[in-house]
Amino acid sequence: MPHRPYAIDEMISAKSIAARIEDLARDIQADFANTDKLVVVGLLRGSFVFIADLVRELDLPVEVDFLEASSYGDAMESSREVRIFKDLRGQIEGRDVLVVEDIIDTGHTLSHVSDYLQTKHPARLRSIALLDKPARREVDFKADWTGFEIPDEFVVGYGIDFAQRNRNLPFIGKVRFTDDAA
């Protein structure tokens, strides 16, 4: 299917993202102050930029692992069927775990992943999302920390893609289709 032409309007600047990550890191450090090692689990692929910046701000012993789950594929709408494509490499039983997500939309993915990780018996399981779209929530799930609450807009940048494009943008941008009537 050919892609419709689109433009990207900046919503959240790279500078605002960096400042917010510093604040979030302080809160996470306070919560996990007594941990012997925090396992930071990034949900691929959208969280990879966020997780890299976040762990560099954490003054804690950190181990990084990844899990790939999706309910989107190349679509703009969630299928609501969460699939896990890549599981953790390490063990999390008895460990402190922080799940890092790029965006909470319907809530299906992070809810499913959190339930799945609980079956691995972590000591503590917390979650953080860079972006939250509460207007789209279908599952009663709220991350422990959120970077930014955004309106119901399709966004890209800072690791978030549209059909595997625009992950490399240093900011969060709103996708605006240029063939839409103004």
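Counting restarts for each chain: residues are numbered from 1 in the order of the written sequence. Given that this is a predicted model, residues contribute local features only at a pLDDT of at least 70 and side-chain atom pairs are listed and counted only at 80 or more, while totals for whole chains, interfaces and linings are drawn from all residues. Values reported for side chains reflect all heavy atoms of the structure, with hydrogen atoms and water molecules removed beforehand.

Trainee: Please set out the sheet that holds strand β9 (residues 172-177) residue by residue, giving values where relevant.
Mentor: Note: two strands are recorded as paired if DSSP finds a minimum of 2 bridges between them. The secondary structure listing takes helices from DSSP runs of H or I that are at least 4 residues long and strands from runs of E that are at least 2 residues long, numbered from the N terminus. Reading across from one edge, β1-β9-β8 is the order of the 3 strands in this open sheet, with antiparallel pairing throughout. Edge positions in the sheet fall to β1 (6-12) and β8 (155-156), since each has one partner strand and no second. Alignment of β8 against β9, held across 2 bridges, turns out to be antiparallel. What sits directly across from Val156, in β9, is Gly173.

Trainee: Please give an account of the sheet that holds strand β7 (residues 145-149) that cites residues and values.
Mentor: Strand order in the open sheet formed by 6 strands is β4-β3-β2-β5-β6-β7, with mixed pairing between adjacent strands. The sheet is open, and its two edges are formed by β4 (83-86) and β7, each paired on a single side. On average, each strand axis in the sheet is tilted by 25° relative to the strand beside it, whichever way the strands run. Bridge count for strand β5 (residues 96-104) against strand β6 (residues 124-132) is 8 bridges, and the pairing is parallel. For Val99, the partnering residue across the bridge sits in β6 and is Ser127. Contact definition: two residues touch when any of their heavy atoms are within 4.5 Å. Where helices are involved, their axes are fitted lines through C-alpha atoms of the stretch in contact, as for all axes, and angles between N-to-C directions lie from 0 to 180°. Helix-sheet contacts for helix α1 (residues 14-31) involve β2 (38-44), β5, β6 and β7, and the interaxial angle to β7 is about 160°. Against the sheet, helix α3 (residues 108-118) contacts β2, β3 (62-70), β4, β5 and β6, and its axis sits at roughly 165° relative to β5.

Trainee: Account for unusual backbone geometry, naming residues and giving values.
Mentor: Cis peptide bonds are those with omega within 30 degrees of zero, and the linkage from Leu44 to Arg45 qualifies with 5°. In this fold, Arg45 is placed in the loop between β2 and α2 (48-57). Notably, Tyr158 is not glycine yet its phi reads approximately 50°, a positive angle. Among the secondary structure elements, Tyr158 is positioned in the loop between β8 and β9. Categorising residues by exposure relies on relative accessible area from a 1.4 Å probe, with only protein chains included: less than 20% of the type maximum marks a residue as buried, more than 50% marks it as exposed, and the intermediate range marks it as partly exposed. What makes Tyr158 buried here is its relative accessible area of 6%.

Trainee: Describe in detail the nonpolar core, supporting the description with residues and values.
Mentor: Only buried residues count toward a nonpolar core, which is a set of Ala, Val, Leu, Ile, Met, Phe, Trp, Tyr and Cys residues joined through side-chain atoms within 4.5 Å. The biggest cluster of nonpolar side chains holds 27 residues, and the ones touching the most others in it are Ile28, Phe50, Leu54, Ile128, Leu131 and Ile172. Those elements that provide at least two residues to this core are α1, β2, α2, β5, β6 and β7. Ranked by residues supplied to this core, first place goes to α1 with 5 residues. Not counting the four nearest positions on each side in its chain, Ile28 is found in contact with Leu38, Leu54, Leu58, Leu60, Leu98, Ile128 and Trp145. With 19 residues, the next largest nonpolar core counts Leu117, Val139, Phe141 and Ala143 among its residues.

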